[in-house]
Amino acid sequence: MNKKLTPYFLLFLAVLLLAVDIRVPVRDYPAFEAFPTEAPETVDLVVNHVIGHHLMLDLLPDVLGYLLLAAACVMLGPGNRHFFKLLPWTAVSLGFYLCLHLMPYSLNGDARFRAGYLLYFVSGVLQVLVLMRAMLHVCDRLNTTENHSFNNLSIIFMIISCFAGAVSMLVWFYDLGWVSLIYFIVQLIFLGIFWYRIWTDRLLLTGENTV
């Protein structure tokens, strides 16, 4: 396989790791300290559902996904400076992800609830935006006069995938498990279509006539 495709395989694996979560509990968080509130249902939703009571181990680790994404950006940066500009956003997104999952060890009560509420959405939105920008930069690499229409359609499939992922994240917050699963499946389907189209254009990625 052409070595010039290596960063794109790393990018594909990064997107897959970040998009798919298979989590198992590994360690308990400190017991939640209840506090007086006028919105007990919202507190219960955030504390017991969004944050949970255990540190979860992702069998498809997001941290590895971020590292692979950073590695792909470093490898692709010389050919497209936008990948270098994506590195700080990747680091920020990773930082918010770690804060979300480690925060219960340092915060409790009202502070845990408010931080979890905020960090869930900030972390999720940042992750979607970072992945969208990375895949848009790949499409920039493919864009030619002859390929313009094909490339634009690939971008549309990618945007649909990212939008479905964002909706899946949003409805999961409200504990709508089956609805979230449906949007997650849609996300994976359109993501697969996008990467298949990228693969069919791999000659443009390598700049060669043969693979």
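Structural data are supplied above this passage.
Note that the structure is predicted; figures quoted are calculated from it, not measured.

Caption draft 1: Broad picture of the overall build of the protein. Broken down by element type, the protein carries eight helices and two strands. Along the chain direction, N to C, the helices and strands of the protein fall in the order α-β-α-β-α-α-α-α-α-α. The dimensions of the protein, computed from C-alpha atoms along their principal axes, are 65 × 30 × 25 Å. By residue count, 42% of the 211 residues in the protein fall in the buried class. Counting contacts in the protein only where the partners sit at least 6 residues apart, residues at least 24 apart contribute 79% of the total. A total of about 11400 Å² of accessible surface is found on the protein, and carbon and sulfur atoms cover 68% of it. Where the 12 positive side-chain charges of the protein centre and where its 14 negative ones centre are 15 Å apart.

Caption draft 2: Representation of the packing of helix α1 (residues 6–19) against helix α7 (residues 177–200) in the model. Where α1 meets α7, the closest approach of the two axes is 12 Å, and the angle between their N-to-C directions is 175 degrees. When the axis of α1 is compared with that of α7, the two are roughly antiparallel. For the pair α1 and α7, the contacting residues are Tyr-8, Phe-9, Leu-11, Phe-12, Val-15 and Ala-19 in the first and Phe-184, Gln-187, Leu-191, Trp-195 and Trp-199 in the second. Considered class by class, the residues forming the contact of α1 with α7 number 10 nonpolar, one polar and no charged.

Caption draft 3: Up close: the packing of aromatic side chains. Scanning the entire structure with this criterion turns up 16 aromatic pairs. Relative to Phe-190, the ring of Phe-157 lies with its centre 5.9 Å away and its plane at 35 degrees, an arrangement referred to as tilted. With Phe-157 in helix α6 (residues 148–173) and Phe-190 in helix α7, this pair connects stretches of sequence that are 33 residues apart. Taking the relative accessible area as the measure of exposure, Phe-157 reaches 18% and is therefore buried. The partly exposed category is assigned to Phe-190, whose relative accessible area is 21%. Put simply, the rings of Phe-32, Phe-35, Phe-113, Tyr-117, Tyr-120, Phe-121, Trp-172, Phe-173 and Tyr-174 touch in pairs and so form one group of aromatic residues.

Caption draft 4: Just a nonpolar patch on the surface, in detail. A cluster of nonpolar side chains, namely Val-63, Leu-64, Leu-67, Leu-98, Leu-102 and Tyr-105, defines an oily patch on the protein surface of about 480 Å² accessible area. Contributing elements (two or more residues each) for the nonpolar patch: α3 (62–76) and α4 (81–102). No other element matches α3, which puts three residues into the nonpolar patch. Tracing the backbone shows Leu-67 in helix α3.

Parameters and conventions
- Residues numbered from 1 in each chain as written.
- Predicted model: local features only at pLDDT ≥ 70, side-chain atom pairs only at ≥ 80, totals over all residues.
- Heavy atoms only, no water.
- Helix = DSSP H or I, 4+ residues; strand = E, 2+ residues; numbered from the N terminus.
- Buried < 20%, exposed > 50% of the residue type's maximum accessible area, 1.4 Å probe, protein only.
- Contact = heavy atoms within 4.5 Å.
- Areas by Shrake-Rupley, 256 points an atom, 1.4 Å probe, with all protein chains shown as cover.
- Lys, Arg positive; Asp, Glu negative; His and termini not counted.
- Charge placed at Lys NZ, Arg CZ, Asp CG, Glu CD.
- Axes fitted to C-alpha atoms, helices over the stretch in contact; angles between N-to-C directions.
- Parallel < 35°, antiparallel > 145°, perpendicular 65-115°, else oblique.
- Nonpolar A, V, L, I, M, F, W, Y, C, P; charged D, E, K, R; others polar.
- Phe/Tyr/Trp six-rings, centres within 6.5 Å; stacked < 30°, edge-to-face > 60°.
- Patch = residues over 30% accessible without salt bridge, like charges linked within 9 Å, V, L, I, M, F, W, Y side chains within 5 Å.
- Salt bridge = Lys/Arg side-chain N within 4 Å of Asp/Glu carboxyl O.

Any functional reading would require information that these geometric values do not contain.
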